Amino acid sequence: MSKKRKTTAPVNNNSVRRKNWNYYIAAAACGVAVIVVCVGIRVWMGSSDASAQAPVVPANRATQPVAASQIPRPQAAATPTKPKVVAVVNGQNISREELGNDAVQRYGKDVVENLVNKHLILQACQQQGIQITAQEVEAEVTRMAGKFGLSSERWMEMLQKERNINPQQYRNDIIWPTIALRKLAADQLNVAPEELQKEWESQHGEKRQVRMIQIKDKARCQQVHDYVNANPDEFGKVAKDYSEDKPSAAARGLIPPVRKHVGMKDIEDAVFALKEGEISDVVFASDFHFIFKCEKVIPAQRFDEATQQQVVAALRDQIEEKKLREAGAELFKALQDKAQVVNIFNDPEKHQQQPGVAATINGQALTMSQLKEECIARHGSDVLEGEINRVLLEQHLKKAGQTVTQQDLNEEIASAAKIYGYENADGSADVDAWLKQVLSEDNTTLDLYVQDAVWPSVALKKIVQATVTVSDEDLQKGYQANYGDQVEVMVCVLGSQRRAQEVWEMANANDDEKFFGDLAYQYSIEPTSKYNFGKVPPIRKFSGQPKIEEEAFKLKQGELSSIVALGDQFVVMRCVGQKKVEAAPEFDVVKEELYRDIFEKKLRLAMSERFEQIRTTAQIHNALTGFSQKGQRPGEGVQPASAVRTVPVPGVTPRSAVRPAGGTQ
């Protein structure tokens, strides 16, 4: 049996454990889009994927109504048939008890609240005689799948694969409560014609593409307004230099198209009063002063009759679902006010007095055993994956005769603080400020941060550190990358060879910097180059983009590059000119700093590759998911982490595949 570790307080659904194994250990993560499976579901299920019992009748009873009195209570008690061992890692067991403790530690707070809320909605159905048939459930599944252009079967497969929600969970714990809540709040979901009209105007009506300057001081804003009124062609440059809204200033004042009925009325009125090329008066809103210039009037969308009917139906659904969320919040507040609920688990003092009880709902106990099983049902796969990874590292540390000490952990936290810029005036790590930031950002506890981010990072470092070296060539390349010559270019990134050829021919036929910038704004699929009209940070040597670097350093001012293929993207560049770093320090002055930086990057790449090898060569049986692997011999079919690359953005240095034990970079 694996050694049981002491646990502390729980965390919310965005599991630090899963996040950190993915970001800090894995070589490269290929994210999947988060699918919004059901609007309003967070009202009663919080941020988790519910899996408590709910009433869906068998298919052969699909036409029979399900009375609320038939609804089983929201509980998931352990049964004797459930295996006591959930995984075996190189012969070492991970018990269900240990998994339950870890799952509760991370998700118990949310899950107990979710179970209480679900009980309350079931109770409300009982009181009002709500009946929901399996036929209604299937119709709602079909409707939800249709929103994404999928069949019910394909939709269920996607939920299982990408959100780890099985069909029964989806029907019982997401679809059924949605229908129940819709029926409970039916009188609040009517959509008025004027509401539909406003939503139509907001989503499909006329828009304005504008540039914006935002300044706090009124007098200063008025001075800027007078200048841009006299020099309208310089609006973008002035926005870049003077606007206090940094994101839009970086894009020369350009902001996403302004729509009606989504923002502050004063701003919308000012913007929609403009014609192309016009500049607004100074507009005061939300403690700031604004100036807008209309770049383009985007006409309202037009649809044929059949499509328009579909669009109107979709808008009606959106409004209804928004009302459902609002009504759900009010309904739950009313239910909670009336109910006698004691959340024992989330009250440390009460939990100590009654360690076997998670909550009581109108006198009925929800036990800790039930809570553990519910946490396993909802999040067990993710938590177990983290446990397996940890056991693998523990085994390799033991084999190498190494241990992770408290001092190691403290040093890793301090290192992460310094890497992310948290330093005191004397240059030492500001650990307190760093921990405050990362714990708040990840909504976690110090114990979990150490367990799930710091400890794995330290363990892997100990395993690979002796294998990492920094050569003189590495140092010279690092010096060139940071202090060597650079090339300033304008960039347009295209999604197909055909489109890239078209853009290249247009740019070649019109040798003008502004024209190339307009092409980038119109055609580039990469946001930085698109919204900065082709401008990106200078290209440097040895910055991780060899194809781009090679082509850029061949160019002279005003020259157009050939089409550079990067995976499924195609890049066209226009050279603005060569650039030398002013007052570059001598190599010997920065050599030590370069060494530390390069060593850290090579270390984390080695950590990533080594963990991939450890994982692939291990013998693992996961009883929870049914996954098994016998383990490959070292080098047999293993793809090193360094072979997995993300296509880099031109001019932007790629981040390390494995980051230190901290938050997002």
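Remember, it's a predicted structure, so these values are computed and weren't measured experimentally.

Participant: I keep staring at the nonpolar core and nothing clicks. Help me out?
Facilitator: Side chains of a nonpolar character, in soluble globular proteins, are inclined to be buried together. Ranked by size, the top nonpolar core spans 93 residues in total, and within it Ile-94, Tyr-170, Leu-371, Ile-388, Leu-393, Trp-434 and Tyr-449 carry the most contacts. The element that contributes the greatest number of residues to this core is helix α3 (residues 96-128), accounting for 13 residues.

Participant: Even after reading the chapter, I still don't get the packing of helix α17 (residues 446-464) against helix α23 (residues 587-617), so can you show me in this structure?
Facilitator: What describes two packed helices is the angle between their axes and the distance between those same axes. The contact between α17 and α23 brings their axes to 9 Å, and the two run at 95 degrees. One element, α17, and the other, α23, form an angle in the roughly perpendicular class. Residues Ser-457, Leu-460, Lys-461, Ile-463 and Val-464 of α17 touch α23, and the partners they reach there are Glu-600, Leu-603, Arg-604, Ala-606, Met-607, Arg-610, Phe-611 and Ile-614. A breakdown of the residues in the contact of α17 with α23 according to their chemical character gives 8 nonpolar, 1 polar and 4 charged.

Participant: How should the sheet that holds strand β10 (residues 539-540) be read in this particular structure?
Facilitator: The strands making up a sheet associate through hydrogen bonds between their backbones, and the pairing can be parallel or antiparallel. The strand order β10-β9-β12-β11 describes an open sheet built from 4 strands, whose pairing is antiparallel. Whereas interior strands pair on both sides, the edge strands pair on one side only; in this sheet they are β10 and β11 (564-566). Here 2 bridges tie strand β9 (residues 486-494) to β10, and the two strands are oriented antiparallel to one another. For Val-487, the partnering residue across the bridge sits in β10 and is Ile-539.

Participant: I tried to follow the pairing of strand β7 (residues 357-361) on my own but got confused; where do I start?
Facilitator: The element β7 is extensively covered by neighbouring structure, given that 5 of its 5 residues are classed as buried. The pairing of strand β6 (residues 341-343) with β7 spans 3 bridges and is antiparallel. Each residue of the ladder has a partner; that of Asn-343, found in β7, is Ala-359. Relative to strand β8 (residues 364-367), β7 runs antiparallel, the two sharing 4 bridges. Residue pairing in the sheet places Thr-360 in a bridge with Ala-365 of β8. With antiparallel pairing between neighbouring strands as the criterion, β7 and β8 make up a hairpin whose turn holds 2 residues, including Asn-362 at a positive phi of roughly 50 degrees.

Participant: When you look at the pairing of strand β3 (residues 207-215) in this model, what are you seeing that I'm missing?
Facilitator: In regular strands, side chains alternate between the two faces of the sheet. Summarising burial for β3: 9 of the 9 residues are buried, a large majority. With burial as the criterion, each face of β3 is covered, one bearing Lys-207, Gln-209, Arg-211, Ile-213 and Ile-215 and the other bearing Arg-208, Val-210, Met-212 and Gln-214. In this sheet, strand β5 (residues 288-298) lies alongside β3 in antiparallel orientation, the contact comprising 9 bridges. Bridged to Gln-214 within β5 is Phe-290.

Participant: What is the right way to read the sheet that holds strand β1 (residues 85-89) from this model?
Facilitator: Reading across from one edge, β2-β1-β13-β14 is the order of the 4 strands in this open sheet, with antiparallel pairing throughout. Only two strands of the sheet have a single neighbouring strand rather than two, namely β2 (92-95) and β14 (627-629). Ignoring which end each strand starts from, the neighbouring axes of this sheet average 15 degrees apart. Strand direction decides the pairing type here: β1 and strand β13 (residues 620-622), joined by 3 bridges, are antiparallel. The residue of β13 that forms the bridge with Val-89 is Ile-620. Against the sheet, α3 contacts β1 and β2, and its axis sits at roughly 55 degrees relative to β2.

Participant: I tried to follow the confidence of the model for the chain on my own but got confused; where do I start?
Facilitator: Interpreting fine coordinate detail is not advised for predicted regions of low pLDDT. With 83% of its residues at a pLDDT of at least 70, the chain reaches an overall mean of 81. By mean pLDDT, helix α2 (residues 42-45) is the weakest element of the chain at 33, and β2 is the strongest at 96. Low confidence marks residues 1-80, where pLDDT is under 50. Its contacts with residues over four positions away, or in another chain, come to 222 contacts. Confidence drops under pLDDT 50 across residues 637-660; counting only partners more than four residues distant or on other chains, this segment forms 62 contacts.

Participant: Please clarify how the side chain of Gln-486 should be interpreted in this entry.
Facilitator: Mapping Gln-486 onto the fold places it in strand β9. Note on Gln-486: relative accessible area 10%, which makes it buried. In this view, Gln-486 contacts Pro-538, Ile-539, Arg-540, Phe-553, Gly-577, Gln-578, Lys-579 and Val-581; residues no more than four positions away in its chain are not counted.

Participant: Would you mind showing me how to read the environment of Leu-335 here?
Facilitator: Here Leu-335 shows up in helix α12 (residues 305-338). Judged by its relative accessible area of 14%, Leu-335 falls in the buried class. Between the C-alpha atoms of Leu-335 and Ala-124, which are 211 residues apart in sequence, the distance is 7.8 Å. The contacts of Leu-335, once residues within four sequence positions are left out, are Leu-120, Ile-121 and Ala-124.

Participant: Would you mind showing me how to read helix α6 (residues 167-184) here?
Facilitator: Given 3.6 residues per turn, any residue in an α-helix points the same way as the ones three and four places further on. Taking 1.5 Å per residue, 18 residues should reach 26 Å; α6 reaches 24 Å between its end C-alpha atoms and fits that length. Approximately 30 degrees is the largest bend angle found in α6, and it occurs at Ile-175, with the proline Pro-177 only one to four residues beyond. Of all 18 residues in α6, 15 are buried; the element is thus mostly enclosed.

The rules behind these values
Residues numbered from 1 in each chain as written. Predicted model: local features only at pLDDT ≥ 70, side-chain atom pairs only at ≥ 80, totals over all residues. Heavy atoms only, no water. Core = buried A, V, L, I, M, F, W, Y, C linked by side-chain atoms within 4.5 Å. Buried < 20%, exposed > 50% of the residue type's maximum accessible area, 1.4 Å probe, protein only. Helix = DSSP H or I, 4+ residues; strand = E, 2+ residues; numbered from the N terminus. Axes fitted to C-alpha atoms, helices over the stretch in contact; angles between N-to-C directions. Parallel < 35°, antiparallel > 145°, perpendicular 65-115°, else oblique. Contact = heavy atoms within 4.5 Å. Nonpolar A, V, L, I, M, F, W, Y, C, P; charged D, E, K, R; others polar. Pairing = 2+ DSSP bridges. pLDDT = per-residue confidence, 0-100. Expected span 1.5 Å × (residues − 1). Bend = angle between axes of the 7 residues up to and from the residue.

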